[in-house]
Amino acid sequence: MARYISFRRPDGTPSFGRLDGETVHDLGAQGTEAWLKDAVAGDLSALASTATYARADVRLLPLIPNPNKILCVGLNYATHVAETGREQKEFPAIFTRWADSLIADGEPLVRPPETTRFDYEGELAVIIGKGGRRIPRAKAMEHVAGYSVFNDGSVRDWQRHNIQFTPGKNFPGTGAFGPALVTPDELPDFASQRVQTRINGQLVQDQPVSDMIWDVAFIIEYCSTFTTLEPGDVIATGTPGGVGDKRTPPLYMKAGDVAEISIGKVGTLTNPVIDEA
């Protein structure tokens, strides 16, 4: 299965490539910065390798380090709606994250000093390949470049200062995205993949993608109605029930913890937790 990553070369410049075991095939032009978002509208499998590196010699970046948009779907699993005590709505809740709130696989999630309620949210991420506006549901999947794993880390007290989600979703380094992009042809049964979150090895979320209230095609149709989707845009599709804030007793992430989110063949995103210095 081909897996595509974003990384910093040994000289520090950003690029993207194909991960083959412990070998990274650089697919970007040498001598300059190269970005995965600029390539996802085309055929990634047709790109030629321009250099190779040992996996240990490069540093992973968030899968799309510089997306134009990160759109997040809230309350998209009935189990999560139920645990929050909310009513299911006719349309999805949509909010945004900023790119500087995200880290790569293996990097530490950063708990800010303003909270003791630092929560996890395992989610399937959808990366847009072909852009568009008012994309019909019947053609929506043609616009998907691939799938990845997302931890929509949440500072719950700041999320609930008012009815908006934005403050609690955008502290720097509180979310994670990666490690790799898997293309749709490699994963025709993506809806059957299970979103599984583990904190220090304890399974706390476990639900198939097919349980989403609004599926990927609907979400693309809906979001592209109010904004133009562009290549490299990211949609985090929502988290299942089992978030730490709604457990008894609550389970919040703290320094020394390890958050691990697996989505079947899509991959596993693993991040330790530290306190902000």
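- Among the UniProt annotations of the chain, the heading Sequence similarities (unreviewed entry) holds the following wording: "Belongs to the FAH family."

### Details of the overall build of the chain
Now for step 1: Each helix and strand counted, the chain has three helices and 19 strands in total.
Now for step 2: In terms of overall size, the chain behaves like a compact globule, its C-alpha atoms giving a radius of gyration of 18 Å where 277 residues would be expected to give roughly 19 Å.
Now for step 3: Projected onto its principal axes, the C-alpha positions of the chain cover 50 × 45 × 30 Å.
Now for step 4: Contacts in the chain between residues at least 24 apart in sequence constitute 73% of all its contacts with a sequence separation of at least 6.

### Considering the domain arrangement of the chain
Quite often, the size of an interface is put as the accessible area lost when its parts meet.
Now for step 1: What the domain assignment lists for the chain is domain 1 (3–60) and domain 2 (70–275).
Now for step 2: Taking the mean C-alpha position of each, domain 1 and domain 2 sit 25 Å from one another.
Now for step 3: Each side of the interface is counted separately: domain 1 has nine residues, and domain 2 has 16 residues.
Now for step 4: The three residues of domain 1 that bury the most area against domain 2 are Arg3, Val40 and Leu60, which together make up 51% of that side's buried surface.
Now for step 5: With a shortest N-O distance of 3.5 Å, Glu107 and Arg59 are connected by a salt bridge.
Now for step 6: At the surface where domain 1 touches domain 2, the tally comes to three residue pairs in polar contact (both at pLDDT 80 or more).
Now for step 7: The set of elements that each furnish at least two residues to the side of domain 1 that touches domain 2 consists of β1 (3–8) and β5 (59–60).
Now for step 8: Per element, the largest residue contribution to the side of domain 1 that touches domain 2 is three residues, and it comes from β1.
Now for step 9: Looking at side-chain class alone, the side of domain 1 that touches domain 2 contains six nonpolar, no polar and three charged residues.

### Remarks on the environment of Ala255
Now for step 1: Take Ala255: it is sitting in the loop between β17 (234–236) and β18 (258–263).
Now for step 2: Sequence separation between Ala255 and Glu276 is 21 residues, and the spatial gap between their C-alpha atoms is 9.2 Å.
Now for step 3: Look past the residues within four positions of Ala255 in its chain and what remains in contact with it is Val273, Ile274 and Asp275.

Conventions we followed
- Residues numbered from 1 in each chain as written.
- Predicted model: local features only at pLDDT ≥ 70, side-chain atom pairs only at ≥ 80, totals over all residues.
- Heavy atoms only, no water.
- UniProt positions renumbered as here; feature names shortened; annotations may be inferred.
- Helix = DSSP H or I, 4+ residues; strand = E, 2+ residues; numbered from the N terminus.
- Rg over C-alpha atoms; globule rule 2.2 N^0.38 Å.
- Contact = heavy atoms within 4.5 Å.
- Domains from an automatic or database assignment.
- Buried area = accessible area lost by both parts, 1.4 Å probe.
- Salt bridge = Lys/Arg side-chain N within 4 Å of Asp/Glu carboxyl O.
- Polar contact = N/O pair within 3.5 Å; in protein donor to acceptor, adjacent residues only side chain to side chain.
- Nonpolar A, V, L, I, M, F, W, Y, C, P; charged D, E, K, R; others polar.

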